[in-house]
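Observations on chain architecture
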Amino acid sequence: MKQLAIFSLLSLFLMTSCEDSPKAQAQDSPVEKKEVVEKTKPGQDTKKDDKVKVPKELSLKDLMIQLGKDMNGINDGIWQEDFPAIASSAAAISGHPHVGASTRARLKKTLGKDMMLFGKGDKKVHDTALRLGEAAKAKDMKLVLTELTNLQNGCVECHASFRSRLR
Ligand code: HEC
């Protein structure tokens, strides 16, 4: 009797473990699902590709973040006495990319006729960055520093006038 009890216990155990194994397989199945997902990926990729074809336009904020990095580039160049690096960071500022069309439209709408002043502020920074670049090419550190101060003034002047209105 004891043997039978053990046998039935064993078979119960075996049965449950047999029931367990499909579960274990079910746990494995995400791997299979993954494969399925991967198989369906080409379709998803095409969608992604479609989005890539229409690149996200440059926002004012992204442009500004880049200008901030370029300013750091100028500073690094000054500490390293690396005039070509200063010149190239200055060129990145004077030749900065333009914001996208819808950002430009929003600026115009928000600023109205002050858009002219905004444009002037941008031009001032542009022209100063050009002069800073020339000073760097001439390896004139004193002039580089003078133009850097002018450049920073240009950045901050525009921030003081427009930042709160355009946030
Ligand atoms: C013609 C106007 C104008 C000029 C010139 C200008 N900025 Fe800005 N800047 C703005 C405005 C407006 C904002 C706020 C944008 C926003 O919050 O979406 C801003 C924001 C910023 C920010 C903060 C971005 C963030 O993370 O929120 C940085 C950094 C910055 N500017 C750097 C510069 C530097 C460096 C220069 C000069 C080389 C400069 N800006 C020149 C208008 C200007």
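Residues numbered from 1 in each chain as written. Predicted model: local features only at pLDDT ≥ 70, side-chain atom pairs only at ≥ 80, totals over all residues.

1. Concerning helix α5 (residues 115-137)
- The terminal C-alpha atoms of α5 lie 33 Å apart, and with 23 residues this matches the ideal 33 Å at 1.5 Å per residue to within 8%.
- Listed in full, the buried residues belonging to α5 are Val125, Thr128, Ala129, Leu132, Gly133, Ala135 and Ala136.
- Buried residues in α5 make contact with α3 (83-94) and α6 (141-166).
- Lys139 lies just past α5 and shows a positive phi near 55°. (Helix = DSSP H or I, 4+ residues; strand = E, 2+ residues; numbered from the N terminus. Expected span 1.5 Å × (residues − 1). Buried ≥ 20, exposed ≤ 12 C-beta atoms within 10 Å, placed from the backbone. Contact = placed C-beta atoms within 7 Å.)

2. A closer look at unusual backbone geometry
- Phi angles above zero are rare outside glycine, and Glu81 is one such case at about 50°.
- Looking at the element boundaries, Glu81 is found in the loop between α2 (60-80) and α3.
- For Glu81, a count of 10 C-beta atoms within 10 Å translates into the label exposed.
- The phi dihedral of Lys139 falls on the positive side, at around 55°, and the residue is not glycine.
- Tracing the sequence through the fold places Lys139 in the loop between α5 and α6.

3. Some thoughts on the site of the ligand
- As a structural note, the neighbourhood of the ligand is formed by 21 residues, with Met64, Gly68, Gly121, Cys155 and Cys158 the closest of them.
- Looking at the shell around the ligand element by element, the count peaks at 8 residues for α6.
- Of the residues in the shell around the ligand, the class split is 13 nonpolar, 4 polar and 4 charged. (Near = placed C-beta within 6 Å. Nonpolar A, V, L, I, M, F, W, Y, C, P; charged D, E, K, R; others polar.)

4. Here's the deal with α3
- Between its terminal C-alpha atoms α3 stretches 16 Å, which fits the 16 Å expected from 12 residues at 1.5 Å a residue.
- Taken together, the buried positions of α3 are Ile86, Ala87, Ser89, Ala90 and Ile93. Taken end-on, α3 shows its buried residues confined to a sector of 165°, consistent with a single buried face.
- Where α3 is buried, its residues touch α2, α5 and α6. (Arc of directions from axis to C-beta.)

5. Thoughts on the environment of Phe118
- For Phe118, the position within the fold is in helix α5.
- In this structure Phe118 comes out as partly exposed when scored by C-beta crowding, with 18 C-beta atoms within 10 Å.
- In contact with Phe118, not counting residues within four places along its chain, are Leu107, Leu111 and Phe162.

6. Remarks on the packing of α2 against α3
- Relative to each other, α2 and α3 sit at 165°, their axes nearing to 8 Å. It follows from the interaxial angle that α2 and α3 lie roughly antiparallel. The element α2 and its partner α3 pack so that their crossing is left-handed. Two secondary-structure elements touch here, α2 through Leu67, Asp70, Gly73, Ile74, Asp76, Gly77, Ile78 and Gln80 and α3 through Ala85, Ile86, Ser89, Ala90, Ala92 and Ile93.
- Partitioning the contact of α2 with α3 into residue classes produces 8 nonpolar, 4 polar and 2 charged. (Axes fitted to C-alpha atoms, helices over the stretch in contact; angles between N-to-C directions. Parallel < 35°, antiparallel > 145°, perpendicular 65-115°, else oblique. Left-handed = near helix turned anticlockwise from the far one by under 90°.)

Fair warning: the whole summary comes from geometry, so function is off the table for now.
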